[in-house]
Structures are given as structure tokens and as C-alpha cells.
Amino acid sequence: MPRIVYFYLAVIVVSWAGNWPLMKLALGGAPPLLFVLLRLLGALALFAPTLLARGMPLLPVRGERLGLFWVGQLQVAAFLICSIIGLAMVPAGRAIVLAYTMPLWAIPIGLWLWPEPLGRFQLAGAVIGFAGVVLFMNPGLVDWSSRRALAGNGLLLLAAIAWALGSCLYRRHTWRSSFWVQTVWQLAVSSIVVAAIALPSAVGQPIRWSPGLVAILAYNWVVTTALGYFLWSKILTMMSAAVAGQVLALTPVGGFLLSTLIFGGAVDAEVVVSIGLIVAGIVLTLRA
């Protein structure tokens, strides 16, 4: 295994983990859905000209556009909408842990779409991971009397479920379009849906532009999206998706620790145990 692949993985884990507290800071200057729209449009502005310069098409091959449209609506539009609104309601550390429970939800969704027997690692991972989710949502850690807290946590779990459903639908097909064309198409169709929701709701909610907000948007365009997708594609040419996914399970841990350092907050035994169970469940699930 080339050593550079571990450097690529480290860059992805650190950059994606660090993005959640950054997005939390950005919400002080931009409404959640407008931030998502700007994030998508900026990424498109980077990807589309690059594909054209390389002589690649912007549209997937015929017969794949509708399927990739629905995959994009789930794992891009729905995930970003639900996660950013949830992030506005709950601490960034909690948000990233719940959003990255996606591999756990992929197990029951996969069974629903194509029934098949569970392997021992999948079964163990699901039991351990969901035990961690239950512990992470217990009344000692979440104020169940607060509608805002419940809505925020619920939206983040819904974001993970949408991501898992989109990923499961994606796995059911063999795609002929290149990875980059698929990515641009999903970003484009998601931008249309996000714009239709974000622009009417943005009336009376102006963006308060600042150097910090511009820097965070640029970070999302260049680092987490363009560089992140590029490195992920490079990693998959040298390492299996299952092994790489196990390493990416460190992302919610890093995001939680960074968020706690930036925003503060208590880290008691219940939090440590619940996050440990969730990450262990994800690793076992991906190992299967």
C-alpha cells in the first residue's frame, strides 16, 4: 500500500472534521439554507469549468440521469438541508456524530431494498452502533422537554438516513458515467432544489458578509468539496472502499473534539462511551 494514501486519508479526516465547527461559525452570518446554496454553487463553479477544460461532458450518459438525480436529492440535497438546519439547533460536536451514523442506517435500508442475510460483523456493528445512538440520545444528554433540541437531533438523524438511502440506491446500479460527471450532475440538480427552498425563505434574512464567512465558504469550495472529492477518488484507486471507510470513521471523533475545543462543553463518561460505541459500530459495519 503506497504511504501517500494514508496522507490523503488524514487530509480528508482533518478537513471534513474541522468543517463542522467552521459551518457552525458561518451560520452567525448566513441563514442555513443560503449557506448550503452558496456552498453548492461555489463547488459547481470549480468543477464544471474543469470538466469542460478536460473535454469531459457535463451530463451523465442517457439512462443514468434520472437515477443520479434521485441519488443526488438524497445524499446531497436532503443531507445538506437537514444537517445544516440541525447544526443550527444543536452543538457542532453532537451534529457531526449523528450525521456520520450513516453506515448504521444503511444496514436496515439495505435489507429493505434487497433482503439478504446479515454477516456477523454487520449484525454486531448494527447492535453496538445503535446502542451508542440510544445512549447518545438519552434524556441525560438531550433535553427532551426542548422542542428545538429534539428537532435538531431528529433532523441530523434524518440527514444520515437520507445519505444512507442515497448510497444504497447508488450501489444498486453499475454506472457508465465517470465519477466527476456524476458529481457535477448531483451538485447541479441539488442546487436547483436547494435554491427553490432557500430563496423564498431568505426574504428578510440578509447575509452578513465578513472575511470570516468568505473564508469558510472558500474552504468548503476548495478543500472539503473539490480537494476532498479528488483525494477520495485517488484513495479508491489504491485502497478498498471498506477499508477507507473504516479510517473515515475517525471523522466524527475529530469533529467532536475540535468542536469541544472551540465552543466548550462537558465531556463526561456517557458521551465518551456513546461516541465510542457509535464509531465501533461503524467500523464493524464497514469491515463487513
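Structure's up top.
Turning our eyes to something else, we now look at the overall build of the protein chain. When its secondary structure is counted, the protein chain shows twelve helices and zero strands. From first element to last, N terminus to C terminus, the protein chain shows the α and β order α-α-α-α-α-α-α-α-α-α-α-α. Relative to a compact globule of 288 residues, whose C-alpha radius of gyration would be 19 Å, the protein chain shows 19 Å and is just as compact. The principal-axis extent of the C-alpha atoms belonging to the protein chain is close to 55 × 50 × 40 Å. Per-residue burial for the protein chain yields a buried fraction of 48% across its 288 residues. Pairs at least 24 apart in sequence give 90% of the contacts found in the protein chain among residues at least 6 apart. Counting only carbon and sulfur atoms, one obtains 71% of the accessible surface of the protein chain, whose full area is about 13600 Å².

A word on helix 8 (residues 179-201). Between its first and last C-alpha, helix 8 extends 33 Å over 23 residues, near the 33 Å set by a 1.5 Å rise per residue. Of all the bends in helix 8, the greatest, near 30 degrees, is centred on A195.

Inspection of the secondary structure puts L9 in helix 1 (residues 4-26). Contacts of L9, omitting those with residues within four sequence positions, involve I235, M239, A244, V247 and L248.

For the coordinates displayed, the defined rule picks out eleven aromatic pairs. Between F69 and W70, the ring centres sit 5.0 Å apart and the planes meet at 80 degrees, which makes this aromatic pair edge-to-face. For F69, a relative accessible area of 23% gives the class partly exposed. Ring centres 5.1 Å apart and planes at 80 degrees place the aromatic pair F179 and W180 in the edge-to-face group. Residue class for F179 comes out partly exposed when judged on its relative accessible area of 29%. Among the residues examined, W180 registers a relative accessible area of 15% and is labelled buried. Clustering of aromatic rings is evident, with ring pairs tying together F47, F179, W180, Y229 and F230. Over the face of the ring belonging to F136 we find R94, whose NZ or CZ atom lies 4.0 Å from the ring centre.

Conventions used here
Residues numbered from 1 in each chain as written. Predicted model: local features only at pLDDT ≥ 70, side-chain atom pairs only at ≥ 80, totals over all residues. Heavy atoms only, no water. Helix = DSSP H or I, 4+ residues; strand = E, 2+ residues; numbered from the N terminus. Rg over C-alpha atoms; globule rule 2.2 N^0.38 Å. Buried < 20%, exposed > 50% of the residue type's maximum accessible area, 1.4 Å probe, protein only. Contact = heavy atoms within 4.5 Å. Areas by Shrake-Rupley, 256 points an atom, 1.4 Å probe, with all protein chains shown as cover. Expected span 1.5 Å × (residues − 1). Bend = angle between axes of the 7 residues up to and from the residue. Phe/Tyr/Trp six-rings, centres within 6.5 Å; stacked < 30°, edge-to-face > 60°. Lys NZ or Arg CZ within 6 Å of the ring centre and 35° of its normal.

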